[in-house]
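Breakdown of the fold
Each chain, letter by letter, is given below.
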Amino acid sequence: MSNPLFDALFAPHAGRDTAFLHHADGQTTTHTAFLEEAARYANALVSLGVAPGDRVAVHIQKSPQALALYAGCVQSGAVFLPLNTAYTPAELAYFVADSEAALFVCDPAEEADLTSVATANTCPLWTLAGDGTGTLADLVGRQDTQFDTVVRDADDLAALLYTSGTTGRSKGAMLTHRNLLSNAQALVRGWHFTAEDVLLHALPIFHSHGLFVASNVTLLAGGAMIFLPKFDLETVLDHLPKATAMMGVPTFYTRLLDDPRFDRDLTGHMRVFISGSAPLLAETHERFEARTRHRILERYGMTETSMNTSNPYEGERRAGTVGFPLPEIEVKVCDPDTGATLPNGEIGVLEVRGPNVFKGYWRMPEKTAQELHADGFFVTGDLAQIDADGYVSIVGRGKDLIISGGFNIYPKEIELFLDALDGVQESAVIGVPHPDFGESVVAVLVAQSGATLDLPRIEAALKRDLAGFKRPRRVEILSALPRNSMGKVQKNQLRERYQRVFQPVDG
Ligand code: MCA
Ligand code: AMP
């Protein structure tokens, strides 16, 4: 009888007085203290009536307690459902309703705004702040530090992570114990993580990157994390000397490179820098090596699959590629129209199969069948090419998606929102190059005949209802959208037209 994820990631650390979390203020949480806190959370969840398989929706700041809540969910068999802290009440209402969450945990500062969301879904609302206080923290403080781990099967859900969709409606990716554990095992081995490692953790923990790649890998290896609330350049530079490894999105690395203090002396002791979630420009890879002598290790993954491919730890880390499939994971490049496998060298849609591939989209059997084939291959929607040496490169996207600073933005969602506003005839949302975020959002609007668009009002509506990272950084008005003979909007033309709007003026 077992609980695969808890038994591998957490249970082995019971009784270890070793440091697990180093905090920005210099305090440390030991493995034992963390496990006791996790058990308290598990007891609290049970006392609130959360049963195995129930979804626990969390919209809280990153903190050691938030990580203990994740561990408590795993231990008690609940399904952890983390939500981007930038989401607005309007966005959160969908996730709480769609998941039929049994419990909703939010920051105390937003309790008043979210009470109606919780009430509408007859879902109890509890609070937990970034400093570890709140109604849930009070309840947790009264719990026992022992908990009888709930038995789970490898195919049971451990987490539900929502990813936006090309149709505008977010889909909950169902991730099982097997998915998460197999991926952590592959990465620990592939990246040589050990109990000696200290990972500089500045990522959010509501996404796969910060939660599963960074935290699960460290937990499985038995190492420690410098657990920072967010990426803040000064704090990261201060803490780098105590780290052995760092994981980040490309924006982390370009921001570090923009600071002259980030040099060979500061990084000489580091074992590895890992990048993912968005394309790392070959130029950034080269600048990084020239400055530090480290070659960034780039890997590629998705919420639905966790990590699929990685450049080698030993061997050539090739700039502009995402390396080789991880052990037990198969990848193939397919013709987007026929689905036939293409020979190496050709560009097509990347498909992935392995123990990492999710169980399907929550209560969306048709969507699941479209993207997860009966033979187990998942259609990523990314355009890829495999070279003669087997290195995979992501060369584009078959899906209409913008990645800004590592966050995914689906144009369709913003277009639907804009189209519903007063005076808007139609809209097109595109991603264009941005020096800090890699890509950023431009919205192009067409007014209804006779209407004048009130841009400040439009911007206020976007601000009220859409998470900040999704908001167009630039809104343009055209008399008509460019279309082809079939009537399809020519986004390429728009991208071309606006591609330099965020570039520094030359010269
Ligand atoms: C914040 N803002 C952004 C972004 N982040 N705008 C566009 N893109 C962003 N990524 C906006 C806020 O809305 C706010 O706007 C203003 O910037 C300042 O907010 P702040 O939080 O202070 O920003 P920041 O600290 O500079 O954040 C940038 C960041 C952060 C550090 C790059 O976005 C980040 O940590 N990104 C990591 C994302 C990540 O973990 N992705 C993994 C996804 P305003 O002033 O207008 O209000 S998992 C995944 O993709 C797969 C599985 C994989 O392969 O890993
Ligand atoms: P998400 O939906 O947040 O899981 O984002 C997954 C998407 O991020 C993938 O489908 C890719 O488009 C993109 N992605 C992740 N890692 C990389 C990478 N190393 N290079 C290029 N794109 C990446």
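Above this text you will find the structure in question.
First, a word on scope: everything that follows refers to the structure included in this document. (Residues numbered from 1 in each chain as written. Chains lettered and ligands numbered in written order. Predicted model: local features only at pLDDT ≥ 70, side-chain atom pairs only at ≥ 80, totals over all residues. Heavy atoms only, no water.)

Some points on the packing of helix H2 (residues 31–47) against helix H3 (residues 64–76)
One way to put it is that H2 packs onto H3 with a least axis distance of 7 Å and a crossing angle of 60 degrees. Classified by the angle their axes make, H2 and H3 are oblique. Helix-helix and strand crossings are classified by hand; for H2 and H3 the assignment is right-handed. Together, Phe-34, Glu-37, Ala-38, Ala-39, Tyr-41, Ala-42, Leu-45 and Val-46 of H2 and Pro-64, Gln-65, Leu-67, Ala-68, Leu-69, Ala-71, Gly-72, Cys-73, Gln-75 and Ser-76 of H3 make up the contact between the two elements. (Axes fitted to C-alpha atoms, helices over the stretch in contact; angles between N-to-C directions. Helix = DSSP H or I, 4+ residues; strand = E, 2+ residues; numbered from the N terminus. Parallel < 35°, antiparallel > 145°, perpendicular 65-115°, else oblique. Left-handed = near helix turned anticlockwise from the far one by under 90°. Contact = heavy atoms within 4.5 Å.)

Looking at the site of ligand 2
Around ligand 2, the structure places 15 residues, and the nearest of them are Arg-299, Thr-303, Asp-382, Lys-399 and Asn-408. Between Arg-299 and ligand 2, the recorded distance is 2.7 Å, taken from a backbone N or O atom to a nitrogen atom. Contact between ligand 2 and Asn-408: an oxygen atom at 2.7 Å from a side-chain N or O atom of the residue. Its free accessible area being 500 Å², ligand 2 has 92% of it covered by the protein chains. The biggest single contributor to the shell around ligand 2 is strand S13 (residues 297–302), with five residues. Among the residues forming the shell around ligand 2, the class breakdown is six nonpolar, four polar and five charged. (Near = heavy atom within 4 Å. Polar contact = N/O pair within 3.5 Å; in protein donor to acceptor, adjacent residues only side chain to side chain. Areas by Shrake-Rupley, 256 points an atom, 1.4 Å probe, with all protein chains shown as cover. Nonpolar A, V, L, I, M, F, W, Y, C, P; charged D, E, K, R; others polar.)

Overview of unusual backbone geometry
The phi dihedral of Glu-100 falls on the positive side, at around 50 degrees, and the residue is not glycine. In this structure, Glu-100 sits in the loop between helix H4 (89–99) and strand S5 (103–106). A positive phi is found at Arg-293, a non-glycine position, where the angle reads about 70 degrees. Relative to the helices and strands, Arg-293 is located in the loop between helix H12 (282–292) and S13.

So, the environment of Pro-52
Tracing the sequence through the fold places Pro-52 in the loop between H2 and strand S3 (55–59). Residue Pro-52 is classed as partly exposed on the basis of its relative accessible area, which comes to 43%. Ignoring any residue separated from it by four or fewer positions in sequence, one finds Pro-52 in contact with Ser-76, Gly-77, Ala-78, Val-150 and Arg-152. (Buried < 20%, exposed > 50% of the residue type's maximum accessible area, 1.4 Å probe, protein only.)

As for the pattern of salt bridges
Scanning the entire structure with this criterion turns up 25 salt bridges. Here Glu-37 ties to Arg-40 by a salt bridge, and the two come within 3.2 Å at their closest N and O atoms. Here the residue Glu-37 and the residue Arg-40 both occupy positions in helix H2, the gap between them amounting to three residues, near one helical turn. Of the charged contacts in the structure, one is a salt bridge between Arg-287 and Asp-258, with a shortest N-O distance of 3.3 Å. Taken together, the residues Arg-287 in helix H12 and Asp-258 in the loop between helix H10 (250–257) and helix H11 (264–267) connect sequence positions 29 residues apart. Classification of Arg-287 by relative accessible area gives partly exposed; the value is 31%. Judged by relative accessible area, Asp-258 falls into the exposed class, the value being 59%. (Salt bridge = Lys/Arg side-chain N within 4 Å of Asp/Glu carboxyl O.)

A short note on the nonpolar core
In terms of nonpolar packing, the biggest core is built from 108 residues, with Phe-10, Leu-67, Leu-69, Tyr-70, Phe-193, Met-246 and Met-247 touching the most fellow members. No other element matches the eight residues that H3 contributes to this core. Those residues in contact with Phe-10 that sit more than four places away from it in its chain are Leu-5, Phe-34, Leu-35, Tyr-70, Ala-71, Val-74 and Leu-219. By size, the runner-up hydrophobic cluster in this structure holds 40 residues, among which are Leu-83, Leu-92, Leu-418 and Ala-443. (Core = buried A, V, L, I, M, F, W, Y, C linked by side-chain atoms within 4.5 Å.)

A few points about the sheet that holds strand S25 (residues 474–477)
What the three strands build is an open sheet, ordered S23-S24-S25; its pairing is mixed. Sheet topology places strand S23 (424–434) and S25 at the edges, where each strand pairs with a single neighbour. Within this sheet the neighbouring strands show an average axis-to-axis angle of 25 degrees, counted without direction. Strands in contact with helix H14 (residues 411–419) are S23 and strand S24 (438–447); relative to S23, the strand with the most contacts, it is inclined by about 145 degrees. Running at roughly 140 degrees to S25, helix H15 (residues 455–465) makes contact with S23, S24 and S25 of the sheet. (Pairing = 2+ DSSP bridges.)

A short note on the environment of Leu-161
Within the secondary structure layout, Leu-161 lies in strand S7 (residues 157–163). Residue classification places Leu-161 among the buried positions, given a relative accessible area of 3%. Separated by 84 residues in sequence, Leu-161 and Gly-77 place their C-alpha atoms 16 Å apart. Among residues more than four places away in sequence, those in contact with Leu-161 are Pro-82, Lys-171, Gly-172, Ala-173, Leu-175, His-207, Ser-208, Phe-212 and Thr-303.

Some remarks on the sheet that holds strand S20 (residues 392–397)
Taken in spatial order, the four strands of this open sheet run S16-S17-S19-S20, and their pairing is antiparallel. Both edges of this open sheet fall to strand S16 (330–334) and S20, since each of them pairs with a single strand only. Taken pair by pair, the neighbouring strands of this sheet meet at an average axis angle of 50 degrees, ignoring direction. Direction of pairing for S16 relative to strand S17 (residues 348–353): antiparallel, over a ladder of five bridges. Opposite Glu-330, over in S17, you have Arg-353 as the bridge partner.

A few points about the packing of aromatic side chains
For the structure on display, the rule yields 21 aromatic pairs. When the ring of Phe-6 is compared with that of Phe-10, the centres are 5.3 Å apart and the planes differ by 25 degrees; the resulting orientation is stacked. For the residue pair Phe-6 and Phe-10, the accessibility class agrees, reading buried in each case. Between Phe-262 and Phe-288, the ring centres sit 5.4 Å apart and the planes meet at 55 degrees, which makes this aromatic pair tilted. Here Phe-288 lies in helix H12 and Phe-262 lies in the loop between H10 and H11, a separation of 26 residues in the sequence. Of the two residues, Phe-262 and Phe-288, neither departs from the other in class, the shared state being buried. In this structure an aromatic cluster arises from ring pairing among Phe-6, Phe-10, Phe-20, Phe-34, Tyr-70, Phe-80 and Phe-212. Lying over the aromatic face of Phe-227, Lys-62 brings its terminal NZ or CZ to 4.8 Å of the ring centre. Its end group placed over the ring of Phe-193, Arg-271 keeps NZ or CZ at 4.7 Å from the ring centre. (Phe/Tyr/Trp six-rings, centres within 6.5 Å; stacked < 30°, edge-to-face > 60°. Lys NZ or Arg CZ within 6 Å of the ring centre and 35° of its normal.)

Points about the site of ligand 1
Among the 26 residues in the neighbourhood of ligand 1, the closest are listed as Ser-277, Arg-299, Ser-404, Gly-406 and Arg-471. Contact distances for ligand 1 include 3.0 Å between an oxygen atom and a side-chain N or O atom of Arg-255. Between ligand 1 and Gly-406 there is a distance of 3.0 Å, counted from a nitrogen atom to a backbone nitrogen or oxygen. Alone, ligand 1 offers 1,000 Å² of accessible surface; in the complex the protein occludes 74% of this. For the shell around ligand 1, a count of residues per class yields ten nonpolar, eleven polar and five charged.

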